[in-house]
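Topology and contacts: notes
Listed below are the residues making up each chain.
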Amino acid sequence: MHSQPATGVHASGSKIADTLESVEEPSFAIVPCWSIGYRSPMPHADVNGQRIYFEDTGGDGPPVILAHGFLMDHEMFVHQVAALRDRYRVITWDERGFGLTDYDGEPFSYWDSAADCLGLLDHPGIDRAVVGGMSQGGFLSLRVALTAPARVRALILLDTQAGVDDPDVAPSYWQMN
């Protein structure tokens, strides 16, 4: 059976591509990230003593860097990348301890993650960017703005907060070790 791409179900260029089998039943196929325009399939940057995985659409548009939520990785933004890539340079990355980033096992804070984000902007020579994140990614994005406000063109904050977590919730995070 030969699969043909379907039309209009997922964002154009998405990693999840609908396909139709010859019997017209939908199925899903994963396609490599470079098919939606990332510069290379496995880029890493050495930042703050860490080997950080990132994907960069390149281009001349205003840069946008997106940080994922807890227990997620750069792939959570695949649809946003597909939607924004024609007008913006979009960088997604895996924070320490997640995804394809090499993790040294040492403790770190959201401030360290904010420094990693700024280091990722330094890597390709980006002076100023829209900085965004979901949940944990929002925590570190806020810290990027506090640490280097002149480098933040705008903030995108998704399902996040600026305060401290409820102390009753903390033990549930510790159980995830």
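Structure: see above.
Because the structure is a prediction, the values reported are computed rather than measured.

As for the overall build of the chain
The number of helices and strands found in the chain is four helices and nine strands. In the chain, the succession of α and β elements from N to C terminus is β-β-β-β-β-β-α-β-α-β-α-β-α. Within the structure as shown, the chain displays about 9800 Å² of accessible surface, and the carbon and sulfur contribution to it stands at 55%.

Brief notes about the packing of aromatic side chains
Within this structure, the stated rule accounts for three aromatic pairs. Between Y110 and F139, the ring centres sit 5.1 Å apart and the planes meet at 80°, which makes this aromatic pair edge-to-face. Remark: F139 occurs in helix α3 (residues 136-147) and Y110 occurs in helix α2 (residues 110-122); sequence separation between them is 29 residues.

Side note on a nonpolar patch on the surface
Together, F70, L71, V169, Y173 and W174 give the surface a local cluster of nonpolar side chains, amounting to about 520 Å² of exposed area. Among the secondary structure elements, Y173 is positioned in helix α4 (residues 170-174).

Quick look at the pairing of strand β9 (residues 152-158)
When strand β8 (residues 129-134) meets β9, the two strands line up parallel, connected through six bridges. The residue bridging A129 from the neighbouring strand is V152, located in β9. Since β8 and β9 lie parallel, the crossover through α3 that links them has a hand, and here it is right-handed.

Details of the environment of D86
Tracing the sequence through the fold places D86 in the loop between α1 (78-84) and β7 (89-93). Assessed through its relative accessible area of 71%, D86 is described here as exposed. For the pair D86 and G58, spaced 28 residues apart in the sequence, the C-alpha separation amounts to 9.9 Å.

A short note on α3
The end-to-end C-alpha separation of α3 is 17 Å, in line with the 16 Å expected for 12 residues at 1.5 Å each. Across the 12 residues that make up α3, a large majority, 10, are buried. Listing the buried residues of α3 in full gives Q136, G137, G138, F139, L140, S141, L142, R143, V144 and A145. Contacts made by the buried residues of α3 are with β6 (63-67), β7, α2, β8 and β9.

Quick look at the pattern of salt bridges
Counted under the stated rule, the structure contains four salt bridges. The salt bridge involving D56 is made with R89; its shortest N-O contact spans 2.6 Å. You can see D56 sitting in strand β5 (residues 50-56) and its partner R89 sitting in strand β7, a full 33 residues away along the chain. R89 carries the same exposure label as D56, and that label is buried.

Looking at the packing of α2 against α3
Viewed as axis vectors pointing N to C, α2 and α3 meet at an angle of 70°, and their least axial separation amounts to 8 Å. By the angle between their directions, the pair α2 and α3 is classed as roughly perpendicular. Where α2 approaches α3, its residues Y110, W111, S113, A114, C117 and L118 are matched on the opposing element by Q136, F139, L140, R143, V144, L146 and T147.

Details of the nonpolar core
In terms of nonpolar packing, the biggest core is built from 21 residues, with I65, W93, C117, L120 and V144 touching the most fellow members. Among the secondary structure elements, those contributing two or more residues to this core are β4 (44-47), β5, β6, β7, α2, β8 and α3. Residue contributions to this core peak at five residues, all from α2. Excluding residues that lie within four positions of it along the chain, I65 makes contacts with I91, W93, C117, L120, L121, V130, V131 and G132.

Parameters and conventions
Residues numbered from 1 in each chain as written. Predicted model: local features only at pLDDT ≥ 70, side-chain atom pairs only at ≥ 80, totals over all residues. Heavy atoms only, no water. Helix = DSSP H or I, 4+ residues; strand = E, 2+ residues; numbered from the N terminus. Areas by Shrake-Rupley, 256 points an atom, 1.4 Å probe, with all protein chains shown as cover. Phe/Tyr/Trp six-rings, centres within 6.5 Å; stacked < 30°, edge-to-face > 60°. Patch = residues over 30% accessible without salt bridge, like charges linked within 9 Å, V, L, I, M, F, W, Y side chains within 5 Å. Salt bridge = Lys/Arg side-chain N within 4 Å of Asp/Glu carboxyl O. Pairing = 2+ DSSP bridges. Right-handed = clockwise from strand over helix to strand, strands pointing away. Buried < 20%, exposed > 50% of the residue type's maximum accessible area, 1.4 Å probe, protein only. Expected span 1.5 Å × (residues − 1). Contact = heavy atoms within 4.5 Å. Axes fitted to C-alpha atoms, helices over the stretch in contact; angles between N-to-C directions. Parallel < 35°, antiparallel > 145°, perpendicular 65-115°, else oblique. Core = buried A, V, L, I, M, F, W, Y, C linked by side-chain atoms within 4.5 Å.

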